[in-house]
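This is what each chain is made of:
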Amino acid sequence: MTHVSLFVTCLADALFPDVGKATVTVLERLGCTVDFPAAQTCCGQMHMNSGYPDEAGTLVRSFADTFAGADAVVMPSGSCAAMLRHHGATVAPGVAVPPVHELSEFLVDVLGVTDVGARFDHSVTYHPTCHSSRLLGVGDRPTRLLQAVEGLSLIELPEADQCCGFGGTFAIKNADTSAAMGTDKVGHARETGADYLCASDASCLMHMRGVVDHQDRAARRPASLRTIHLAEILASQ
Amino acid sequence: MTVGLQPQPGVKFLGMPPFPEAARTALGDEQLRRNLGHATSTIRTKRLNAVSELADWEELRISGASIKDHTLAHLDDYLEQFAAAATAAGATVHWAADAEEACAIGVAIARQHQVDEVVKVKSMATQEIELNEALEAAGIDAWETDLAELIVQLGGDTPSHFLVPAIHRNRHEIAEIFTRRMGEVGRAAPDDLTADPARLAEAARLHLREKFLRAKVAFSGANFAVAETGTLVVVESEGNGRMCLTLPEVLVSVVGIEKIVPRFEDLEVFMQLLPRSSTAERMNPYTTMWTGVTPGDGPQEVHIILLDNGRTRALADRVGRQALRCIRCSACLNVCPVYERVGGHAYGSVYPGPIGAILNPLLHGVADEHDAALPFASSLCGACYEACPVAIDIPTVLIDQRAEAVREKASHVGPDPERVAMKAAAWVLDSPKRLRFAERIAIRLRGLIARIRWLPGMPGGWTRSRAVPPIPEQSFRDWWAQRASAEREREEPDGQP
C-alpha cells in the first residue's frame, strides 16, 4: 500500500478545502493511505516570488521539517511543487527538501494510473497552468487523466499555453495587466462552450473564477462557466 | 541647425510613470492592443515553425549560452584581444565607461569632419546612450535609416520593440506620418501616397536614398564583435545598414562590451540562433562584416567605441549576469503575455519586454522607481525562458531582482504597507496555530467578505476586475481533524482504549 503525505497548500486549506478533500478521495480510492501532517502551512512561493527570499526560506525549512522522512509528498498545485523543487534549495541552503509530486505526476508516474474510476457528465476545457507545464513539465498528464473520465467531453482551449495572468502578487501589483490577461483567458474558455474550465492550481483558478464572477455580476446574469480543480473532477463519481 | 526630430515631450521615456501606471494607460488604447496582438501572434507562430525545422535547436541554445558565458568569464582578455586585432586592421578603438563618454567621443568625431548630418544603422546601443540627442545638441542631424526607426523618428515617437520598433503603428498611421513629416526633413512623400505597404516602402526608399548618397559619416552598433579577428558584424533585413556601412567615408560603431565572441567560427552558432529567433527567417537578408579599414573599399576611417554603461555592474551580479548573453533577438518580447498587452513604451526604456525587465535594473540598479518596478512587470509564466535562444532564465533573474528592489526600498523607506503585509503573512504562515486562527477569523467574517465589491489601496486592484473568492464554512485542516476524530470514535465507540 502506498503511503502518501498530503501537502494541501495554504490556499486550498483556507479557501478551497474541496480541492483538498477531492485529492484525498482520489488517492484513497486508488488504495493509498493518506496522512495530513498538521504542522504544515505554506511552501513559501508568495514570499519567494515577491522579493522576500528570507521569509520563503523560513517556510521551506518548516516544510522540510514537517515532511522529513515522508515516502511521497503529494500536492494539488503545480506552482507549489515547482517552488519546492526548483527554488527550495536556493532559499534554504543545506536543507534537504523531500521529493514532491504534483497530483497528476503522482497519479500517472508513481501510481501508473490514468483511469482513476471517475465519472463526470459535463464538457470541460483544460488550462495547463504555466508552472505545471513550463517548470514541472507535466505535459499531457492532466489531459490524459481527464480523457479517461467517463462521461466527460474534453474541449481544446484556444491559446491554452498563454498565461491566465494570476502571477501571485502580480495580480495586485499590476492588477490591470493581470486582469486583461485573465479576461482574454476566460474569453477563450467561453468560446469553447464548455461547462467547466479546469486547471491544476487553485491560485490560477481563483483568479479565473474571480474574472468570471465579476463579469457575470456586471452583466447581472446567473453564474456561468464554472471553474473546477482537476482533483475535483477526478474525485467525482 | 537641426530639424528637431527628437521625441516630443510626453512621449520621451524620461518622465513616464512607473510600469503599473504606464501599463494601465497602454491597456486603455484599443488600437495599440489590436496592433500588438496581431503582430506578436504572427511572429510567435512563424518563430515556432522556424525553430522546429532544426533538430539540434536545444544543442544550439546550449552552445550559444556556453560561448557567451565563457566570453563573459574572460571578458577582460577578449576585449583586449579584440581591440588589438581591430587596431592592427586600421580601426581606432575608443573605450567609454558610460553614455556621456560614448556620446562625447561620437560627437567629437562628427565635429572633426565638420558635418551637420549623419546616417544611422538601427542600433540599440546608440539609443541606449541617446546619441541622437547628443548629436542634435551639437547641431548635427542623425537620420535613422531603418524603415521602422524612420517611422518612429518621423512620428516624434520612441521605439517599442527591438526589432520592430514601430510595432505599435499600423500602416494607415504610417502613411499619415510619412505624408505629414517627410517633406519637412527631406524628400517629401508622393502626393497620392496610400497605406499600401509597397507604396510606403517606395516612399521611404526615395526619401532615404538622398540621405545615403549625401552622408559623409555613419553611425552603427554591432550584433557581434569577434575577438580573434577584430571583426564587427551587423545583421539586418533591409539593406539600409549595408548602405550606411559601405557608402560614407567615416564609420563610427558603438558596441556594448558584451557583444564579443571569441572566434570567427562562433558566429556559426549565433547566425543560426539569431535570425530564426528574431524574424523567424532561416537566414537574414543582409549580413555585413568589416575588419578595420580596407584601402579603397568602404569607409576609410573606422572608429569603434566599446561601451560599458552598466555592463560591468551587471557582470558582477551572480544571478543576473546571464542577461549579458542577450543577442537582442526579441523572441522574449513576442511571446510575453504582458508585453503583448501593454507594448514597449510602458517599460520606459529602449529595452522593453522580459529582457528589459531584468536588463534595466541590472545596468542601473533599482534605486530609481522605474527600474525598481520593472522586475515586477511579469506574471512569471516562463514563456520568455522557453523562447530565449541563449537560455537566459529570465524568471529566476526577475525573482532575484525583486528581492534586490525590496532590499533597496527597505534600506531607505520606512515601513511601507506592502512590506508590513508580507512580514505579517510570513509570521502567520510560519505557524500552523496562527494560520488556523487566521482561517477561523476569516470564517467568522465570511458573510461580510461575501459582500465585498470594492477594496481600498493595493487590494483594490483585485476587486476592480475580479470577484473576491468566497470563504468556505470550514478549512481543510479543521475538516481533516474532524474526520480523524470521527474515525477514532468509530474505532473506539465507548471512548475507552
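Owing to the predicted nature of the structure, the values given are computational and were not obtained by experimental measurement. (Residues numbered from 1 in each chain as written. Chains lettered and ligands numbered in written order. Predicted model: local features only at pLDDT ≥ 70, side-chain atom pairs only at ≥ 80, totals over all residues.)

Brief notes about the overall build of chain B
Part 1 of the reasoning: Secondary structure assignment for chain B yields 24 helices and ten strands.
Part 2 of the reasoning: Split into buried and exposed, the 497 residues of chain B put 48% on the buried side.
Part 3 of the reasoning: In chain B, once contacts between residues fewer than 6 apart in sequence are set aside, the share between residues at least 24 apart is 76%. (Helix = DSSP H or I, 4+ residues; strand = E, 2+ residues; numbered from the N terminus. Buried ≥ 20, exposed ≤ 12 C-beta atoms within 10 Å, placed from the backbone. Contact = placed C-beta atoms within 7 Å.)

As for the interface of chain B and chain A
Accessible area lost during the coming together of the parts is what is often quoted as the interface size.
Part 1 of the reasoning: In this assembly, 46 residues from chain B lie in contact with 54 residues from chain A.
Part 2 of the reasoning: Those elements that provide at least two residues to the side of chain B that touches chain A are α1 (19-27), α15 (337-342), α19 (394-412), α20 (417-429), α21 (432-444), α23 (460-463) and α24 (476-491) of chain B.
Part 3 of the reasoning: For the side of chain B that touches chain A, the element with the highest residue contribution is α19(B), accounting for five residues.
Part 4 of the reasoning: Among the residues forming the side of chain B that touches chain A, the class breakdown is 30 nonpolar, seven polar and nine charged. (Nonpolar A, V, L, I, M, F, W, Y, C, P; charged D, E, K, R; others polar.)

A few points about the domain arrangement of chain A
Residues and elements named next belong to chain A.
Part 1 of the reasoning: Per the domain assignment, the segments of chain A are domain 1 (3-110) and domain 2 (123-235).
Part 2 of the reasoning: Inter-centroid distance (C-alpha atoms) of domain 1 to domain 2 is 21 Å.
Part 3 of the reasoning: The interface is formed by 28 residues belonging to domain 1 together with 23 residues belonging to domain 2.
Part 4 of the reasoning: Elements supplying a minimum of two residues to the side of domain 1 that touches domain 2: α1 (10-14), α2 (17-29), α3 (45-50), α5 (78-91) and α6 (103-110).
Part 5 of the reasoning: Take the side of domain 1 that touches domain 2: its biggest share by element is six residues, from α2.
Part 6 of the reasoning: Class assignment of the residues belonging to the side of domain 1 that touches domain 2 gives a composition of 14 nonpolar, eleven polar and three charged. (Domains from an automatic or database assignment.)

Comments concerning the packing of helix α4 (residues 53-66) of chain A against α5(A)
All names here are of chain A.
Part 1 of the reasoning: Viewed as axis vectors pointing N to C, α4 and α5 meet at an angle of 110°, and their least axial separation amounts to 9 Å. Taken together, α4 and α5 sit at an angle that is classed as roughly perpendicular. Packed against α4, whose contacting residues are P53, A56, G57, V60 and F63, the element α5 presents L84, G88 and V91 at the interface.
Part 2 of the reasoning: Per-class residue counts for the contact of α4 with α5 are six nonpolar, two polar and no charged. (Axes fitted to C-alpha atoms, helices over the stretch in contact; angles between N-to-C directions. Parallel < 35°, antiparallel > 145°, perpendicular 65-115°, else oblique.)

Examining unusual backbone geometry
All names here are of chain B.
Part 1 of the reasoning: Here the phi dihedral of E130 falls at roughly 55°; this positive angle occurs in a residue that is not glycine.
Part 2 of the reasoning: Within the secondary structure layout, E130 lies in the loop between α6 (124-128) and α7 (131-137).
Part 3 of the reasoning: Residue classification places E130 among the buried positions, given that 20 C-beta atoms sit within 10 Å.
Part 4 of the reasoning: Look at A391: it is not a glycine, yet its phi comes out positive at around 50°.
Part 5 of the reasoning: Looking at the element boundaries, A391 is found in the loop between α18 (383-387) and α19.
Part 6 of the reasoning: A tally of 18 C-beta atoms within 10 Å means that A391 is categorised as partly exposed.

A short note on the sheet that holds strand β9 (residues 286-291) of chain B
Residues and elements named next belong to chain B.
Part 1 of the reasoning: Pairing within the open sheet is mixed, and its four strands lie in the order β8-β5-β6-β9. Two strands in the sheet have a free side with no partner beyond their single neighbour: β8 (260-261) and β9.
Part 2 of the reasoning: Where strand β5 (residues 224-226) and β8 come together, two bridges link them in parallel fashion. Paired with V226 across the two strands is V261, which belongs to β8. (Pairing = 2+ DSSP bridges.)

A look at helix α16 (residues 353-364) of chain B
Residues and elements named next belong to chain B.
Part 1 of the reasoning: Over its twelve residues, α16 runs 16 Å from end to end, which matches the ideal 16 Å to within 8%, given 1.5 Å per residue.
Part 2 of the reasoning: Taken together, the buried positions of α16 are G353, P354, I355, G356, A357, I358, L359, N360, P361, L362 and L363.
Part 3 of the reasoning: Of the surrounding secondary structure, the elements contacted by the buried residues of α16 are α13 (311-315), α14 (331-335), α15, α17 (369-373), α18 and α19.
Part 4 of the reasoning: G365 occupies a position one or two residues after α16 and carries a positive phi of about 85°. (Expected span 1.5 Å × (residues − 1).)

Overview of the domain arrangement of chain B
Part 1 of the reasoning: The domains assigned to chain B are domain 1 (19-312) and domain 2 (417-491).
Part 2 of the reasoning: Taking the mean C-alpha position of each, domain 1 of chain B and domain 2 of chain B sit 53 Å from one another.

Some words on the sheet that holds strand β8 (residues 226-229) of chain A
Residue and element names in this part refer to chain A.
Part 1 of the reasoning: Judged by pairing direction, the sheet is parallel, and its four strands sit side by side in the order β6-β5-β7-β8 without closing on themselves. Since the sheet does not close on itself, it has two edges, and those belong to β6 (153-155) and β8, each with one partner. Going from strand to strand, the sheet's axes swing by 35° on average, the running direction of each strand aside.
Part 2 of the reasoning: Relative to β6, strand β5 (residues 123-126) is paired through three bridges, and the arrangement is parallel. Within the sheet, the bridge partner assigned to V124 lies in β6 and is L154.

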